[in-house]
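Okay, here's what each chain looks like letter by letter:
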Amino acid sequence: MSLKKIYLFIGLFILSLSSFAQAGERLMFVPKRPVAGQSVSLSYQPLKVMENAKWVKAYIYSFNQFRWNTYEITLLKENSLWKGTFNIPQNSGLLIAKIVTDSVIDNNDEKSFACMISDSAKSFMPGAYAGWGLFRSANYGYDIPNYINLDKHAVSDTVVYFWLRREVENRRESNVPMSFAYVKSLKNAKIQDATSQEAKVMKFLLSNGSEDALINAMRIAQYNGRKAQSDSISEIIVKKYPQGKWAFKKTFDAIAMVRDMNVTKDKMLEMLQNFPINDELESFIKNYGRHYDDLYQTILYIDAVNKRFDGIEKYIPRMSFGGSVNIFYRLVEVPHLRKDTPDSTLLKYADIIVNHMEKIKNIKSVDYDYMSDEEWEKWADKFGKKCVYLLCGHS
């Protein structure tokens, strides 16, 4: 790395740290170096337009094991300040906050309120450096929806690279999960020794041999146009981890190519048996635009075409809120509008679906981790009423 780049990175480091200092003018985190698994106090000096606010809430975005989860706490007024306490998740690396009243949202003038999290040894947690760089760019899939206007306030790929480099240099456990983003930032930032750095990353991943390491090696090869290498690594993953995430995804892809719907159903039933649902598989497959709900919905839809509805009671209870809305449309609303199934029959199925939705509407899907629980509940209630409940006569 050239001396010029070293000076540039030092400058970026100072500028980035200034955002933390500026955040402290209005929102204070106490202690300043909070520890994962412990509590942190928030003390907020409101904007002038908030002086008469009847309530103030803090939305906390926590970078937990390289995934954003959202929490909501109510602040209590003490003299001129609003204060609250947040219990930091055990695997949090970074907290990003915004302050909300009924009419104002304060995200520190698009600079964010941020706080890096330490471990018990006072070293920053995995994700602390990476999250600070990644969430301020739309190029890596780690931004927080509706937090910063990234059309105007995104950081450069060079800034992202700087923080990712600090991450992988300081936390070895971050090397596998952050490897693809790191190599992508190398290329996007046009780093001088990008080729040699990428080669070192690939060597590390292939020697590591874990499924996550091999998947990222495959992604890196694919990203850089090395299809033969990518395909070769893909085959290795499936053979080494036949019940793993990548085998699950490849099975999903293969089923999508089947044209006979009854064969499709049989293969989906086999897939559900071979790959029982769990959070890891569901979180992984959603990155490719697929969900377990797709399996349940397709099975039920094929059954409906064959005039069979005995699977509803089996598969509806396994579905997410959003999946339930979709299947309601396909199995209830469409036949009702077409008048090709008696409403008395449809009502029985509608009741099963809506009763299930009522039970799970407070359970947030992995697709909506960027929402707080309260935001999700409001959205689910509004969406359900708009799409389903009014048709069924529920209120």
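Presented here is an overview of the structure given in this document.

Each value, and the rule that gives it
- Residues numbered from 1 in each chain as written.
- Predicted model: local features only at pLDDT ≥ 70, side-chain atom pairs only at ≥ 80, totals over all residues.
- Heavy atoms only, no water.
- Helix = DSSP H or I, 4+ residues; strand = E, 2+ residues; numbered from the N terminus.
- Buried < 20%, exposed > 50% of the residue type's maximum accessible area, 1.4 Å probe, protein only.
- Contact = heavy atoms within 4.5 Å.
- Areas by Shrake-Rupley, 256 points an atom, 1.4 Å probe, with all protein chains shown as cover.
- Lys, Arg positive; Asp, Glu negative; His and termini not counted.
- Charge placed at Lys NZ, Arg CZ, Asp CG, Glu CD.
- 1 Å grid on protein atoms, 1.4 Å probe; cavity = no way out; pocket = protein on both sides within 12 Å on 5 of 7 lines; lining within 4 Å.
- Points joined across faces, edges and corners; volume = space filled by probe spheres on them.
- Nonpolar A, V, L, I, M, F, W, Y, C, P; charged D, E, K, R; others polar.
- Polar contact = N/O pair within 3.5 Å; in protein donor to acceptor, adjacent residues only side chain to side chain.
- Axes fitted to C-alpha atoms, helices over the stretch in contact; angles between N-to-C directions.
- Left-handed = near helix turned anticlockwise from the far one by under 90°.
- Parallel < 35°, antiparallel > 145°, perpendicular 65-115°, else oblique.
- Phe/Tyr/Trp six-rings, centres within 6.5 Å; stacked < 30°, edge-to-face > 60°.
- Lys NZ or Arg CZ within 6 Å of the ring centre and 35° of its normal.
- Core = buried A, V, L, I, M, F, W, Y, C linked by side-chain atoms within 4.5 Å.
- Expected span 1.5 Å × (residues − 1).

The helix and strand tally for the protein stands at 16 helices and eight strands. C-alpha atoms of the protein, sized along the principal axes, occupy 70 × 60 × 35 Å. Across the 395 residues that make up the protein, the buried fraction comes to 48%. Relative to all contacts within the protein whose residues are 6 or more apart in sequence, the contacts with residues 24 or more apart total 65%. Of the roughly 20,200 Å² of accessible surface on the protein, 51% is carried by carbon and sulfur atoms. If you average the places of the 53 positive and of the 45 negative side-chain charges in the protein, the two averages end up 5 Å apart.

The omega torsion across Val30 and Pro31 is 5°, close enough to zero to call that bond cis. Position of Pro31 relative to the elements: it lies in the loop between strand S1 (27–30) and strand S2 (39–44). With a phi angle near 65°, Asn108 is a residue other than glycine that sits in the positive phi range. By secondary structure assignment, the location of Asn108 is in the loop between strand S7 (105–106) and strand S8 (113–116). Phi is positive for Asp109, which is not a glycine, with a value near 55°. For Asp109, the position within the fold is in the loop between S7 and S8. Judged by its relative accessible area of 55%, Asp109 falls in the exposed class.

It is worth spelling out the layout of surface pockets at this point. Here the largest pocket defines a volume of roughly 1,500 Å³. Taken together, 44 residues line the largest pocket, and the ones lying closest to its centre are Phe66, Arg67, Tyr142, Ser283 and Asn287. The dominant element in the lining of the largest pocket, judged by the number of residues it contributes, is helix H7 (residues 211–223), at seven residues. Its residues placed into classes, the lining of the largest pocket shows 19 nonpolar, ten polar and 15 charged. In this model, the second largest pocket occupies a volume close to 620 Å³. Glu282, Asp293, Ser320, Ser365 and Val366 are, among the 31 residues lining the second largest pocket, the residues nearest its centre. Elements supplying a minimum of two residues to the lining of the second largest pocket: helix H11 (279–286), helix H12 (292–305), helix H14 (321–338), helix H15 (343–360) and helix H16 (373–392). In terms of residue count, the dominant contributor to the lining of the second largest pocket is H12 (five residues). Here the residues of the lining of the second largest pocket are counted per class, giving 13 nonpolar, ten polar and eight charged.

What follows covers the environment of Trp68. Tracing the chain through its elements places Trp68 in strand S4 (residues 67–78). Since its relative accessible area comes to 10%, Trp68 is described here as buried. Linking Trp68 and Leu95, residues 27 residues apart in sequence, is a C-alpha distance of 9.4 Å. Setting aside anything within four residues of it in sequence, one finds Trp68 in contact with Tyr61, Ser62, Phe63, Leu94, Ile96, Gly131, Phe135, Tyr142, Asp143, Ile144 and Asp369. Within polar-contact distance, the side chain of Trp68 engages the backbone oxygen of Tyr142 at 2.6 Å.

Two elements in contact, helix H4 (residues 157–170) and helix H5 (residues 179–188), have axes whose closest approach is 9 Å; the angle formed by their N-to-C orientations is 145°. In this structure, H4 crosses over H5, and the sense of that crossing is left-handed. Between H4 and H5, the contacting residues are Asp157, Val160, Tyr161, Leu164, Arg165 and Val168 on the first element and Ala181, Tyr182, Ser185, Leu186 and Asn188 on the second. For the contact of H4 with H5, a count of residues per class yields seven nonpolar, two polar and two charged.

With that out of the way, let us pick up the packing of H12 against H14. Relative orientation of the contacting elements H12 and H14 amounts to 15°, with a least axis distance of 10 Å. The orientation of H12 relative to H14 falls into the category roughly parallel. Helix-helix and strand crossings are classified by hand; for H12 and H14 the assignment is right-handed. Each of Asp293, Gln297, Leu300, Tyr301 and Ala304 in H12 lies in contact with H14, whose residues at this interface are Gly323, Asn326, Ile327, Arg330 and Leu331. Across the contact of H12 with H14, the residue classes break down as five nonpolar, three polar and two charged.

Aromatic ring pairs are reported here in terms of the distance separating the ring centres and the angle at which the planes meet. Counted by the stated rule, this structure contains 24 aromatic pairs. Members of the aromatic cluster, connected to one another through ring pairs, are Tyr61, Phe63, Phe66, Trp68, Trp132, Phe135, Tyr142 and Tyr147. Just above the ring of Tyr223 sits the side chain of Lys187; from NZ or CZ to the centre is 5.2 Å. Sitting over the ring of Phe180, Arg219 keeps its end group 3.9 Å from the ring centre.

On to the nonpolar core. If you look at the biggest cluster of nonpolar residues, it comprises 55 residues, and the most contacted ones within it are Trp68, Ile96 and Leu134. Listed in part, the 36 residues of the second largest apolar core include Met319, Leu331, Ala350 and Val354.

Relative to the 18 Å expected for 13 residues at 1.5 Å per residue, H7 spans 18 Å between its end C-alpha atoms, a close match to the ideal helical length. Contact partners of the buried residues in H7: H5, helix H6 (194–208), helix H8 (227–240), helix H9 (245–256) and H11.

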